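Secondary and tertiary structure notes
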Amino acid sequence: MRNLSLVVLFGDFGRFSAFAKPRLQEATRAGIFGDEIVFVVNRDDKKTRTQVLEFAKTMCGQFTLTFNRENNIPQGRNLGISLTRGDNIFIWDDDDALIDASALGQAYQFFLDHNLPIMELPMVFPDRSLFHPGKPEIMPQIDSGLPNLVLIGMMHSPFFLKREVWEKVPLPEYVPLRGDWLHWAAMLWEARIPVTCWTKTPVVMEGVRPRDEGATASGNGHEAKLQAFTSLVAIFAIYGHLTGEDKES
């Protein structure tokens, strides 16, 4: 298999201390990352750095540890990817547990065999009901023409990514537009890069945040709906080829 690097983003010391050890153990057990594991802590004050470095001393295994200067999720992912050397990268959230190491390997082989630019993996809730990709009425998707693969309208971790794709279209770092998912997917499609999701076997279990159907990371109340609406309107303005006063409006 071609070289594969792993990038995991941790929000702060609390999340690092809760999830770094299990993610490192799962990544090691999967056997497809070699020594190319990068952990990014998305906070860099003195207290956080000291706590993380002390905790890291208790961890067994090879990994690179770095800190992002501000709480910016897509920026942290870009930083992590920039520190890797592999031809391909796997992006994994800190709190999402690997439930099938064999399926992860199968998915990576599928990603390689079909020379895909980017490929999301399916995720389930703790009760094994499907979390991602959502139902077609919630999340736009169509059959790709390949077995167990759909084309989707937005990205979500975990996913495989070709380095050359990231070099061409890095994650946009404007946080209010959910730069790591909606905005990035729009940029990828604009660049004629198909966004895909493997659907054969659930690979990862959604972490500690219980969510209702159709909810985002912000929940499914007013805040989440406002965020999704403004993101979509802004993306339409950016990529809908509006000009002049229409775009300003």
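This is a predicted model, so every value here is computed, not measured.

Here's the deal with the pattern of salt bridges
- All chains considered together, the criterion is met by 8 salt bridges.
- One salt bridge in this structure joins Arg49 and Asp44, with 2.9 Å as the shortest N-O distance.
- Take Asp44: its relative accessible area is 30%, and that puts it in the partly exposed class.
- A salt bridge links Asp93 to Arg77; the shortest N-O distance between them is 2.5 Å. Placement of Asp93 in strand E4 (residues 88-93) and of Arg77 in helix H3 (residues 73-82) is noted, with a sequence separation of 16 residues between them.
- Ionic contacts of the salt-bridge type, sharing partners, join the residues Arg15, Asp94 and Asp95 into one network.

Focus on the side chain of Lys162
- Relative to the assigned elements, Lys162 resides in strand E11 (residues 159-162).
- Glu164 is the oppositely charged side chain nearest to the buried, salt-bridge-free Lys162, at an N-O distance of 4.3 Å.
- Excluding its chain neighbours within four sequence positions, the residues that come into contact with Lys162 are Asp87, Asn88, Phe111, Asn115, Leu116 and Pro117.

Notes on the nonpolar core
- In this structure, Phe16, Phe33, Phe39, Leu104, Met119 and Phe160 are the most contacted members of the largest nonpolar core, which totals 42 residues.
- Contributing elements (two or more residues each) for this core: strand E1 (4-10), helix H1 (13-30), strand E2 (37-41), helix H2 (46-56), E4 and helix H4 (101-113).
- Sorting elements by how many residues they give to this core places H4 first, with 7 residues.
- Setting aside anything within four residues of it in sequence, one finds Phe160 in contact with Leu4, Ile89, Phe90, Leu104, Ala107, Tyr108, Phe111, Pro117, Ile118, Met119 and Leu121.
- With 24 residues, the next largest nonpolar core counts Ile118, Val165, Ile193 and Cys197 among its residues.

Points about the packing of H1 against H2
- Two elements in contact, H1 and H2, have axes separated by 9 Å at closest approach and are oriented at 15 degrees. On the basis of the axis angle, H1 is roughly parallel to H2. Crossing of H1 against H2: the hand is right-handed. Residues Phe13, Phe16, Ser17 and Lys21 of H1 lie in contact with H2, whose contacting residues are Thr48, Gln51, Val52, Phe55 and Ala56.
- Of the residues that constitute the contact of H1 with H2, the class distribution is 5 nonpolar, 3 polar and 1 charged.

A look at the sheet that holds strand E6 (residues 118-120)
- The strand order E3-E2-E1-E4-E11-E6-E12-E10-E9 describes an open sheet built from 9 strands, whose pairing is mixed. Bordering the open sheet on either side are strand E3 (64-67) and strand E9 (141-143), each of which pairs with just one other strand. The sheet shows a mean angle of 25 degrees between the axes of neighbouring strands, direction not considered.
- In this structure, E1 lies alongside E2, joined through 5 bridges in parallel fashion. Note on E2: the bridge partner recorded for Val7 is Val38.
- Sheet strands touched by H1: E1, E2, E3 and E4. Its angle to E2, the strand with the most contacts, is close to 170 degrees.
- Most of the contacts of H4 go to E11, to which it runs at about 30 degrees, and overall it touches E1, E4, E6, strand E10 (149-152), E11 and strand E12 (196-198).

Observations regarding the packing of aromatic side chains
- Counted according to the given criterion, the structure contains 14 aromatic pairs.
- Pairing Phe10 with Phe39 gives two aromatic rings, centres 5.0 Å apart and planes at 80 degrees, and the pair type is edge-to-face. Of this pair, Phe10 sits in strand E1 while Phe39 is found in strand E2, placing the two residues 29 residues apart along the sequence.
- When its relative accessible area of 0% is taken as the criterion, Phe10 is described as buried.
- Under the relative-accessibility criterion, Phe39 is labelled buried at 0%.

A look at the sheet that holds strand E7 (residues 123-124)
- Spatially, the 4 strands line up as an open sheet ordered E5-E13-E7-E8, and their pairing is mixed. Each having just a single partner strand, strand E5 (97-98) and strand E8 (130-132) make up the two edges of the open sheet.

A word on the side chain of Asn72
- With respect to the helices and strands, Asn72 occurs in the loop between E3 and H3.
- Here Asn72 falls in the buried class, since its relative accessible area comes to 5%.
- At 2.9 Å, the side chain of Asn72 and the backbone nitrogen of Gln75 are in polar contact.
- Polar side-chain contacts of Asn72 include one of 3.1 Å to the backbone oxygen of Glu173.

A look at the pairing of E11
- Taking every second residue as pointing to the same face, both faces of E11 are buried, with Phe159 and Leu161 on one and Phe160 and Lys162 on the other.
- With 4 bridges connecting them, E4 and E11 associate as antiparallel partners. From the neighbouring strand, Asn88 faces E11, where its bridge partner is Lys162.
- Two strands pair when backbone bridges link them, and E6 and E11 are joined in this way by 3 bridges, in the antiparallel orientation. Looking at E11, one finds that Ile118 is bridged to Leu161.

Definitions and limits used
Residues numbered from 1 in each chain as written. Predicted model: local features only at pLDDT ≥ 70, side-chain atom pairs only at ≥ 80, totals over all residues. Heavy atoms only, no water. Salt bridge = Lys/Arg side-chain N within 4 Å of Asp/Glu carboxyl O. Buried < 20%, exposed > 50% of the residue type's maximum accessible area, 1.4 Å probe, protein only. Helix = DSSP H or I, 4+ residues; strand = E, 2+ residues; numbered from the N terminus. Lys, Arg positive; Asp, Glu negative; His and termini not counted. Contact = heavy atoms within 4.5 Å. Core = buried A, V, L, I, M, F, W, Y, C linked by side-chain atoms within 4.5 Å. Axes fitted to C-alpha atoms, helices over the stretch in contact; angles between N-to-C directions. Parallel < 35°, antiparallel > 145°, perpendicular 65-115°, else oblique. Left-handed = near helix turned anticlockwise from the far one by under 90°. Nonpolar A, V, L, I, M, F, W, Y, C, P; charged D, E, K, R; others polar. Pairing = 2+ DSSP bridges. Phe/Tyr/Trp six-rings, centres within 6.5 Å; stacked < 30°, edge-to-face > 60°. Polar contact = N/O pair within 3.5 Å; in protein donor to acceptor, adjacent residues only side chain to side chain.

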